[in-house]
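Residue-level structural notes
Each chain, letter by letter, is given below.
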Amino acid sequence: MNNAARIKKNYQLIKLQKLVIVSVLIGFLSAFLGISLKKITEYYEEIFFHQTTLNPIFIIVFPVFGLSIIYFLREYLFRKKENKGIKEIFESTNSKSKNLPNYKIPSHFINGLLTVVFGGSTGIEVSTVVASATIGSVAQRKQNVFRQYKTELICAGVAAGVTALFSSPIAGILFAIEVISRKVTRAFLISNLIAVAIAFGLVFLLDEKPLFAVTITTWHLQAIPYFILLGILAGINSVYLTRCVLFFKSQFSKIKIHYYKILIGSLILSISLFFFPQLYGEGYHAIKGIFVHSNDVTLSFSLVLTFIGIILLKPIVTSATLASGGDGGVFAPSLFIGAFLGLLVALLLNTYLNANVIPVNFMVIGMAAVLSASIHAPFTAIFLVCGLTNDYTLFLPILVVCLISKYTAKMIYPFTVYSYSASLSK
């Protein structure tokens, strides 16, 4: 009995050692992929967007060109295999037989890059999440000992990818728990903690700066009723985003000739970008701009119309991008909508109610609130946005508003883009 127990103990120790090693590998590869995609996308998006400001004809050319390249790559390089976003991860984790195939890594990397660079109004976050999940999936197939850790290793890839994008290891782990796994095991904790530690270590070594340089000094208790209002509005806007994405995907699926989808999607995108260039790509350039000038903005009727137009159009152009073949998800659109919604609410309160609220606070809280409601993951949203700004001053109001926005959204419509897709695959 002692001998058998010793053998079993040694086997468990070897299995644990292998799990640690593979988690280190997943963390490094996923973080490297995420950082590379982020850097390349930022570099080329800035160049291409600048070209549209010099010559507006590119607003028409870029979307149709980008979506066409993605279509031809999908048809001839990836052999007509579509990217379904996070739905692919759910299909894999919910089935013992389905796995994320290797081609998902280059497919999502390339298509996510092309979508955003050529003006597609979405982000690279979901592309990174699926590609990094595939790294975890490939790793668990390499040895029989890892077969039982399929979900854990996929989540390790996801957590490391999110950590690399947003410089927040806590957001990485929470996203893996709240959205993908929904349960925590001993193997999950070991693999995910190691993967995000390696990913964050790489972020630190490369001296990655926060995406948004924001100075947050304080917040006031008197603003709490206004924060609650922002949370309710954020929940409503997130439902509008979700329903837009689902509606456009449903309608575009009825179009049998794919190039008609590309032409219609490109037309919607080009017209929207002509009037609102802030909608180009991820839209982070526009968020950075309003962060810089948030305290200097004077409310006017034209500005209100512009902000309302941006908030209403963003879900439409995001949906058109995804439905016509673009690669991406609702992370970046949620952050974008939240920033503009928060600033608009703050300006209206200060102008008409003399509320004297701090606009930058409302922008940061709005970003977290819309994201929380869009993916039904409030704790992920909190740490993700705090990681983006590298500031936790607003942690408490963000927590309250994220919970309000999530449950407001769930009361109106119980699904997110992810959970709706997952419910269809069951």
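All values reported here derive from a predicted model rather than from experimental measurement. (Residues numbered from 1 in each chain as written. Predicted model: local features only at pLDDT ≥ 70, side-chain atom pairs only at ≥ 80, totals over all residues. Heavy atoms only, no water.)

Focus: the nonpolar core
Worth spelling out the cut-off: We define a nonpolar core as any set of buried Ala, Val, Leu, Ile, Met, Phe, Trp, Tyr and Cys residues linked to one another through side-chain atoms lying within 4.5 Å. Between buried and exposed lies partly exposed: a residue is buried under 20% and exposed over 50% of the maximum accessible area for its type, with that area taken using a 1.4 Å probe on protein chains only. Only runs of H or I of at least four residues qualify as helices and only runs of E of at least two qualify as strands under DSSP, and these elements are numbered from the N terminus. Throughout, a contact is declared for two residues whenever any of their heavy atoms are within 4.5 Å.
Counting 106 residues, the largest nonpolar core has Ile89, Phe175 and Tyr418 as the members making the most contacts within it. No other element matches helix α13 (residues 331–352), which puts 14 residues into this core. Tyr418 has contacts with Ile86, Phe90, Val126, Val179, Val330, Phe331 and Ile375, leaving out every residue within four places of it along the chain. Judged by nonpolar contacts, the second largest core, of 21 residues, contains Leu19, Ala131, Leu153 and Leu202.

With respect to the pattern of salt bridges
Put simply, the rule reads: Salt bridge, as applied in this entry: a Lys or Arg side-chain nitrogen positioned within 4 Å of an Asp or Glu carboxyl oxygen.
Under the counting rule described, the total for this entry stands at four salt bridges. The closest approach of N and O atoms between Lys209 and Asp207, which form a salt bridge, is 3.3 Å. You can call Asp207 partly exposed: its relative accessible area is 48%.

Side note on helix α16 (residues 395–412)
The following threshold applies: Given a helix with a known number of residues, its expected span is that number minus one, times 1.5 Å. What the arc covers is the set of directions going from the helix axis to the C-beta atoms.
The end-to-end C-alpha distance of α16, which contains 18 residues, comes to 26 Å, matching closely the 26 Å that a straight helix rising 1.5 Å per residue would cover. Among the residues making up α16, those that are buried are Pro397, Ile398, Val401, Cys402, Ser405, Lys406, Thr408 and Ala409. Taken around the axis of α16, the buried residues stretch over an arc of 165°, which confines them to a single face.

Points about the environment of Thr185
Its location among the elements puts Thr185 in the loop between α7 (169–181) and α8 (186–205). Taking the C-alpha atoms as reference points, Thr185 and Ser97, separated by 88 residues in sequence, lie 21 Å from one another.

Looking at a nonpolar patch on the surface
Quick reminder of the rule: What makes a patch is a set of residues exposed beyond 30% relative accessible area and free of salt bridges, joined within 9 Å when like-charged and within 5 Å when nonpolar (Val, Leu, Ile, Met, Phe, Trp, Tyr). Here the accessible surface of atoms and residues is derived via Shrake-Rupley with a 1.4 Å probe, and residues count as covered only by protein chains that are part of the display.
Together, Phe72, Tyr76, Ile257, Tyr259, Tyr260, Leu263 and Ile264 line one region of the surface with nonpolar side chains, adding up to about 720 Å² of accessible area. Looking at the nonpolar patch, the elements with two or more residues in it are α2 (57–77) and α10 (258–275). Ranked by the residues each element gives to the nonpolar patch, the list is headed by α10, at four residues. Mapped onto the secondary structure, Tyr76 falls in helix α2.

So, the packing of aromatic side chains
Any pair of aromatic rings gets described here by the distance separating the centres and the angle formed by the planes. Heads up, the condition is: Each pair of aromatic rings taken from Phe, Tyr and Trp, with Trp reduced to its six-membered ring, is defined by centres within 6.5 Å and is described as stacked if the planes are under 30 degrees apart, edge-to-face if over 60, and tilted in the remaining cases. Cation placement over rings: the criterion is NZ of Lys or CZ of Arg within 6 Å of the ring centroid and within 35° of the ring normal.
Tallying each qualifying case throughout the model produces 25 aromatic pairs. Ring geometry for Tyr71 and Phe72: centres 5.4 Å apart, planes at 65°, overall edge-to-face. Plain terms: the ring middles of Phe175 and Phe331 are 5.4 Å apart, the flat faces sit at 65° to each other, and that makes the pair edge-to-face. Of the two residues, Phe175 is situated in helix α7 and Phe331 in helix α13; the sequence distance between them amounts to 156 residues. What makes Phe175 buried here is its relative accessible area of 0%. Among the aromatic side chains, those forming a connected cluster through ring pairs are Phe48, Phe58, Phe62, Phe65 and Phe118. The ring centre of Tyr413 lies 4.5 Å from the NZ or CZ of Arg243, which sits over that ring. For the cation-ring pair, Lys314 lies above Phe336, with the distance from its terminal atom to the ring centre recorded as 4.6 Å.

Brief notes about the side chain of Asn237
Within the secondary structure, Asn237 is located in helix α9 (residues 224–252). If sequence neighbours within four positions are ignored, Asn237 has contacts with Ile311, Ile337 and Leu341.

Points about the packing of α9 against helix α12 (residues 301–323)
Defined as follows: Here the axes come from fitting lines to C-alpha atoms, over the contacting stretch only for helices, and the angles between their N-to-C directions go from 0 to 180 degrees. By convention the crossing between two helices is left-handed if the near helix lies anticlockwise of the far one by an angle smaller than a right angle, and right-handed if it lies clockwise. Polarity classes work like this: nonpolar for Ala, Val, Leu, Ile, Met, Phe, Trp, Tyr, Cys and Pro, charged for Asp, Glu, Lys and Arg, and polar for all others, with Gly in that last group.
Running from amino to carboxyl end, α9 crosses α12 at an angle of 35°, the nearest separation of the two axes being 8 Å. Here the hand of the crossing between α9 and α12 comes out right-handed. Touching Asn237, Tyr240, Leu241, Cys244, Val245, Phe248, Lys249 and Phe252 of α9 are Ile311, Leu312, Pro315, Ile316, Ser319, Ala320, Leu322 and Ala323, all from α12. When grouped by side-chain class, the residues that make up the contact of α9 with α12 number 13 nonpolar, two polar and one charged.

Here we look at the environment of Ile290
For Ile290, the position within the fold is in helix α11 (residues 284–293). A sequence separation of 29 residues divides Ile290 from Ser319, and the C-alpha atoms of the two residues are 24 Å apart. Not counting residues up to four positions away in its chain, the partners in contact with Ile290 are Ala339, Phe340, Leu343 and Met363.

Concerning unusual backbone geometry
A positive phi angle, near 50°, is found at Asn354, a position not held by glycine. With respect to the helices and strands, Asn354 occurs in the loop between α13 and α14 (359–375). For His376, which is not glycine, the phi dihedral falls at a positive 55°. Note that His376 resides in the loop between α14 and α15 (378–389).

Some remarks on the packing of helix α6 (residues 150–166) against α8
Spelled out, the test is: Working rule for angles: under 35 degrees goes down as roughly parallel, over 145 as roughly antiparallel, 65 to 115 as roughly perpendicular, anything else as oblique.
Taken N-terminus to C-terminus, the directions of α6 and α8 make an angle of 25°; their axes are 8 Å apart at the nearest point. Here α8 runs roughly parallel to α6, going by the angle between their axes. The element α6 and its partner α8 pack so that their crossing is right-handed. Across the interface between the two elements, Glu152, Leu153, Cys155, Ala156, Ala159, Ala160, Thr163 and Ala164 of α6 pack against Ala187, Phe188, Ser191, Asn192, Ala195, Val196, Ala199, Phe200 and Val203 of α8. For the contact of α6 with α8, the residue count by class is 13 nonpolar, three polar and one charged.

Considerations on α7
α7 sits mainly inside the fold: ten of its 13 residues count as buried. Buried within α7 are the following residues: Ala171, Gly172, Ile173, Leu174, Phe175, Ala176, Glu178, Val179, Ile180 and Ser181. Looking one or two residues past α7, Arg182 carries a phi angle of roughly 65°, positive in sign.

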